[in-house]
Amino acid sequence: MEKGPAELVTILDFGSQYTQLIARRVRECQVYSEIVPYNAPLEEIKCRAPKALILSGGPASVTSSGAPALEKEIFHLGIPILGICYGMQLMARLLGGKVRAALKREYGRAELFIKEKSPLFAGLEEKMPVWMSHGDRVMSLPPGFTALGYSANSPIAAMGDERKGFYGLQFHPEVMHTPKGATIIDNFLKKIAGCSPEWTMHSFIKRTEEEIKERVGKEKVICALSGGVDSSVLALLLHKIIGGQLTAIFVDNGLLRAHEAEEVKNRFKNLYHINLILVDARSRFLEKLKGVESPEEKRKIIGAEFIRIFEKEAKNIGRVRFLAQGTLYPDVIESRSPTGGPSSTIKTHHNVGGLPQDMHFELIEPFKFLFKDEVRKVGEELGLPREIVWRHPFPGPGLAVRIIGEVTEERLRIIREAERILDEEIKKGGLYDKVWQAFAVLLPVRTVGVMGDERTYENVIALRAVTSRDGMTADWATLPYEVIARISNSITSEVRGVNRVVYDVSSKPPSTIEWE
Ligand code: XMP
């Protein structure tokens, strides 16, 4: 197991949709946190020697049989524990308090009144808005605890045993809707658990440098470079550490946006001097996609083709021992969450990272304990420019999933030009950083139009712009009308073959962000 930072806070996950947010909030206080399933063996937890534990919320009720529980011994580790929502109820019950179903579910905004001074609420007003989401509540306190705060529906909305450093919150301090939540978490970490702010991306880079140098020695490493945030930061970080032992492989599958391949070449090969293999596979992909209309079929073909090309190029380099991938912490957490991760496959997402298991490389995954915002910070520390670090996500199958129906050279030209116009206008309007993604979609219908005095019968472009925090849910963005108008005018006048532009006003769910 990799060496962690000196100070660690362990979050026991009871299946809350907010568990990852807890981990991120803790890290924003510059304290390293890890998420483990609630039923992780106690020995394993002890071994990692955390400075504090946080028990997450969860969908179950502590009063029902078979509800996720904990070994009581956890309360004898001699470290502070913060229970949130379900975590608080479980703590109350295991330590001798009483928990019952509330008459009314409390969901949404509530007012918290603090009635006892406590280090947990240091520096805060006596009244503050908080976010609640629970059906059960603590009816009587365990011995040693004091009620610290209440809300209209929760007589015990916060509790604490200051001597032991055990605290419980009925509300969710980790969500945005609890505006002072970050202060409460910071108080728990610094004032109660005595953590110091040591987790920075600067320290992460230093530690990673040592680890990778030691592990790689004089061997060769390859990685796939897509030009997206994760693979760009990964390539640059590894290059800084092992220089010429790294080779990055960039596959131009012909499904990229205008100038992308040249930009990658200019930056990574010419500016950063990374060993970069550029594979021109444009006609190969187009050939394979001929006549294919189904989105999943397109994804499968593109994924498989990518792997074949990557394998071939890797062989040409000679003996390579390591493959570096930009796996992120959410992927790791989801693959071993107590609920088993995402329930159903809506779309098969092919990242360039999704390489085959049977390639016999040893994996290097320096970001497997980082969240996306932390990878961005690493990129900034390494001096990557804003336009890469803050780039909108772009799907692995590229423009193929933005062309509904068959992918042809002509249709690629149309979508590419439309996307270029949209991108320019979004940036000109100062909107790029305000939306999660903005892109164009080429529809498989033609409609009647009029140009000069002539009837036209041409393609339709849909514009899609969404706001989102993590891509899991999204709202359609209310772009200013004048920006939409400019995009529409430019597309219909400049892009040959398009006579109509529409704006997508659907949120996710029920829609998805991409159309395919
Ligand atoms: P959806 O369309 O599922 O997209 O709402 C959520 C986020 O994922 C991106 N996306 C992909 N990324 N390979 C990727 O690497 C894919 O096949 C893929 N499909 C969607 C999408 O752009 C959005 O940010």
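Reading the values: the criteria
- Residues numbered from 1 in each chain as written.
- Predicted model: local features only at pLDDT ≥ 70, side-chain atom pairs only at ≥ 80, totals over all residues.
- Heavy atoms only, no water.
- Helix = DSSP H or I, 4+ residues; strand = E, 2+ residues; numbered from the N terminus.
- Polar contact = N/O pair within 3.5 Å; in protein donor to acceptor, adjacent residues only side chain to side chain.
- Buried < 20%, exposed > 50% of the residue type's maximum accessible area, 1.4 Å probe, protein only.
- Phe/Tyr/Trp six-rings, centres within 6.5 Å; stacked < 30°, edge-to-face > 60°.
- Lys NZ or Arg CZ within 6 Å of the ring centre and 35° of its normal.
- Salt bridge = Lys/Arg side-chain N within 4 Å of Asp/Glu carboxyl O.
- Axes fitted to C-alpha atoms, helices over the stretch in contact; angles between N-to-C directions.
- Parallel < 35°, antiparallel > 145°, perpendicular 65-115°, else oblique.
- Contact = heavy atoms within 4.5 Å.
- Nonpolar A, V, L, I, M, F, W, Y, C, P; charged D, E, K, R; others polar.
- pLDDT = per-residue confidence, 0-100.
- Pairing = 2+ DSSP bridges.

## A short note on the side chain of Asn499
Here's step 1: For Asn499, the location among the structural elements is in strand E18 (residues 498-503).
Here's step 2: Here the side chain of Asn499 touches Thr447 through a polar contact of 2.9 Å, landing on its backbone oxygen.
Here's step 3: At 3.0 Å, the side chain of Asn499 and the side chain of Thr456 are in polar contact.

## Description of unusual backbone geometry
Here's step 1: The linkage connecting Lys508 with the following residue, Pro509, adopts the cis geometry, with an omega of -15°.
Here's step 2: If you trace the backbone, Pro509 turns up in the segment after E18.
Here's step 3: A positive phi angle, close to 65°, is found at His259, a residue other than glycine.
Here's step 4: Position of His259 among the secondary structure elements: in the loop between strand E11 (246-252) and helix H7 (260-271).
Here's step 5: The phi dihedral of His273 is positive, around 55°, even though this residue is not glycine.
Here's step 6: Its relative accessible area of 57% is what places His273 among the exposed residues.

## Re the packing of aromatic side chains
Here's step 1: Going through the model one piece at a time under the given rule, you end up with twelve aromatic pairs.
Here's step 2: Judged by centre distance (6.1 Å) and plane angle (75°), the rings of Trp199 and Phe204 are edge-to-face.
Here's step 3: In this structure Trp199 comes out as buried when scored by relative accessible area, which is 6%.
Here's step 4: Pairwise contacts between aromatic rings join Phe14, Tyr38 and Tyr86 into one cluster.
Here's step 5: A cation sits over an aromatic face here: Arg257 above Phe394, 3.7 Å from the ring centre.
Here's step 6: Against the face of Phe439 rests Arg402, its NZ or CZ located 4.0 Å from the ring centre.

## Quick word on the pattern of salt bridges
One side chain can pair with another of opposite charge once the charged atoms of both are near each other.
Here's step 1: This structure, assessed with the given rule, holds 34 salt bridges.
Here's step 2: Where Lys290 meets Glu287, a salt bridge forms, and the shortest distance between an N and an O atom there is 4.0 Å. This pair shows no difference in class: Lys290 is exposed, exactly as Glu287 is.
Here's step 3: With a closest N to O distance of 3.4 Å, Glu425 and Lys428 form a salt bridge. One end of the pair is Glu425 and the other is Lys428, both in helix H13 (residues 409-428) and three residues apart, which spans about a single turn.
Here's step 4: With relative accessibility at 7%, the residue Glu425 sits in the buried group.
Here's step 5: The exposure class of Lys428 is exposed, given its relative accessible area of 63%.

## Focus: the packing of helix H5 (residues 201-216) against helix H11 (residues 372-382)
Here's step 1: Viewed as axis vectors pointing N to C, H5 and H11 meet at an angle of 80°, and their least axial separation amounts to 9 Å. By the angle class used here, H5 and H11 are roughly perpendicular. Along its contact with H5, which presents Met201, His202, Phe204 and Ile205, the element H11 presents Glu374, Lys377, Val378, Glu381 and Leu382.
Here's step 2: Per-class residue counts for the contact of H5 with H11 are five nonpolar, one polar and three charged.

## Section: the confidence of the model for the protein
Here's step 1: Here the protein averages 93 in pLDDT, and 95% of its residues register 70 or above.
Here's step 2: Segment residues 340-344: pLDDT under 50, and three contacts once partners within four positions in sequence are set aside and those in other chains are kept.

## Considering the pairing of strand E3 (residues 52-55)
Here's step 1: Residues Ala52 and Ile54 of E3 are buried on one face, and the alternating residues Leu53 and Leu55, pointing to the opposite face, are buried as well.
Here's step 2: Two elements, strand E1 (residues 8-13) and E3, share four bridges in a ladder whose sense is parallel. Note on E3: the bridge partner recorded for Ile11 is Ile54.
Here's step 3: When E3 meets strand E4 (residues 81-84), the two strands line up parallel, connected through three bridges. Bridge pairing links Leu53 to Ile81 in E4.

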